[in-house]
Amino acid sequence: MGAALLTCPAMCAGQLCACCAASTCSSLCGACCDCDGVDRTGRKRSVFLLVLSLASALGLQYGAAPRLAAAENIATFSPYLAEVLQGDCLTNAEYQGFEEQCIGNTMVYRASFCSTVFFLISAAASLFAPGVNRKAWPAKYSMYFLMLAVSFF
């Protein structure tokens, strides 16, 4: 009798969790498929740009930074670019032994700054013309990656 009383609340809690999970999955699928007729293309593409920004930050930190930590790799290609990308990371005694992490952090700061500026410009544009959030996304993606490329110079 006592075991039955203990399993009833556990079963009810399990059923409640399953119901909540199913409801959440259903609303996510409905939002992704536009089943309710509401136009959410601006939101989806903004999230996609945010995911691209995150991917570029991680790619720069863990892909480009280790290659740039060796001064001779980039300095042979372009001394100016080496100075800009490596900054104080190689010359400052405070970063001794942490050059790769320092360069990786500067790469993440560049991607994050470009993302922040992009979304601030988008917010300002949407303030004056609310429909602009749903238009010209290929140009917006290009603008973000152009800002990211320009941030290296």
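Residues numbered from 1 in each chain as written. Predicted model: local features only at pLDDT ≥ 70, side-chain atom pairs only at ≥ 80, totals over all residues. Heavy atoms only, no water.

Visitor: What should I look at first to understand the overall build of the protein chain in this one?
Guide: Helix and strand counts for the protein chain come out as six helices and zero strands. Split into buried and exposed, the 153 residues of the protein chain put 25% on the buried side. Within the protein chain, contacts between residues separated by at least 24 positions form 65% of all contacts whose residues are at least 6 apart in sequence. For the protein chain, the accessible area works out to roughly 10,200 Å², and carbon and sulfur atoms hold 71% of it. (Helix = DSSP H or I, 4+ residues; strand = E, 2+ residues; numbered from the N terminus. Buried < 20%, exposed > 50% of the residue type's maximum accessible area, 1.4 Å probe, protein only. Contact = heavy atoms within 4.5 Å. Areas by Shrake-Rupley, 256 points an atom, 1.4 Å probe, with all protein chains shown as cover.)

Visitor: Hey, could you run me through unusual backbone geometry in this one?
Guide: With glycine set apart, most residues show a phi of negative sign, and most peptide bonds adopt trans. The backbone phi angle of alanine 136 is positive, close to 60°, even though this residue is not glycine. Residue class for alanine 136 comes out partly exposed when judged on its relative accessible area of 48%.

Visitor: Honestly, the packing of helix 5 (residues 99-128) against helix 6 (residues 137-150) in this entry has me stumped. Any pointers?
Guide: For any two helices packed against each other, one specifies the inter-axial angle together with the distance between the axes. At a minimum axis separation of 9 Å, helix 5 and helix 6 run at an interaxial angle of 140°. Of the possible angle classes, the one that applies to helix 5 and helix 6 is oblique. Remark: the crossing between helix 5 and helix 6 carries right-handed chirality. Residues Arg110, Ala111, Cys114, Ser115, Val117 and Phe118 of helix 5 pack against Trp137, Lys140, Met143, Tyr144, Met147 and Leu148 of helix 6. Along the lines of polarity and charge, the residues of the contact of helix 5 with helix 6 split into nine nonpolar, one polar and two charged. (Axes fitted to C-alpha atoms, helices over the stretch in contact; angles between N-to-C directions. Parallel < 35°, antiparallel > 145°, perpendicular 65-115°, else oblique. Left-handed = near helix turned anticlockwise from the far one by under 90°. Nonpolar A, V, L, I, M, F, W, Y, C, P; charged D, E, K, R; others polar.)

Visitor: I keep staring at the nonpolar core and nothing clicks. Help me out?
Guide: When a protein is soluble and globular, its nonpolar side chains tend to lie buried together. Ranked by internal contacts, the top residues of the largest apolar core, which has 16 residues, are Leu49, Met107, Phe118, Tyr144 and Leu148. Looking at this core, the elements that each hand over two or more residues are helix 2 (41-69), helix 5 and helix 6. Once residues lying within four places of it in the same chain are set aside, the contact partners of leucine 49 are Phe118, Phe119, Trp137, Tyr141 and Tyr144. (Core = buried A, V, L, I, M, F, W, Y, C linked by side-chain atoms within 4.5 Å.)

Visitor: Could you clarify how one ought to interpret the packing of aromatic side chains in this entry?
Guide: On inspection of all chains with the given rule, the structure shows five aromatic pairs. With centroids separated by 5.7 Å and ring planes inclined at 50°, the aromatic side chains of tryptophan 137 and tyrosine 141 adopt a geometry described as tilted. Of this pair, tryptophan 137 and tyrosine 141 both sit in helix 6, four residues apart, which is roughly one turn of that helix. Each of the two residues, tryptophan 137 as well as tyrosine 141, counts as buried. Site record: aromatic cluster; members linked through ring pairs are Phe48, Phe118, Phe119, Trp137 and Tyr141. Stacked on the ring of tryptophan 137, the Lys or Arg lysine 140 has its end atom at 4.4 Å from the ring centre. (Phe/Tyr/Trp six-rings, centres within 6.5 Å; stacked < 30°, edge-to-face > 60°. Lys NZ or Arg CZ within 6 Å of the ring centre and 35° of its normal.)

Visitor: For this particular structure, what's the right way to read the confidence of the model for the protein chain?
Guide: Low pLDDT means the predicted coordinates in that region are not meant to be read closely. On average, residues of the protein chain score 73 in pLDDT, and 59% of them reach the 70 mark or higher. Scored below 50 in pLDDT, residues 27-32 shows four contacts in the model against residues more than four places distant or in partner chains. (pLDDT = per-residue confidence, 0-100.)

Visitor: Even after reading the chapter, I still don't get helix 5, so can you show me in this structure?
Guide: Quick reminder: α-helices carry 3.6 residues per turn. Residues three or four places apart thus point the same way. Compared with an ideal rise of 1.5 Å per residue, which puts 30 residues at 44 Å, helix 5 spans 44 Å between its outermost C-alpha atoms and is within 8% of the ideal. Those residues of helix 5 that sit buried are Glu99, Cys102, Ile103, Gly104, Met107, Arg110, Ala111, Cys114, Ser115, Phe118 and Ser122. (Expected span 1.5 Å × (residues − 1).)

Visitor: What is the right way to read the side chain of serine 115 from this model?
Guide: Residue placement: serine 115 occurs in helix 5. Exposure remark for serine 115: the relative accessible area of 8% places this residue in the buried category. Those residues within four positions of serine 115 in sequence are excluded, and the remaining contacts are Leu50, Ser53 and Tyr144.

Visitor: Explanation requested: the environment of alanine 111 in the structure shown.
Guide: As for its placement among the helices and strands, alanine 111 is situated in helix 5. Through-space distance from the C-alpha of alanine 111 to that of serine 151 is 8.5 Å; in sequence the pair is 40 residues apart. Setting aside its immediate chain neighbours within four residues, alanine 111 contacts Ser53, Ser56, Ala57, Tyr144 and Leu148.

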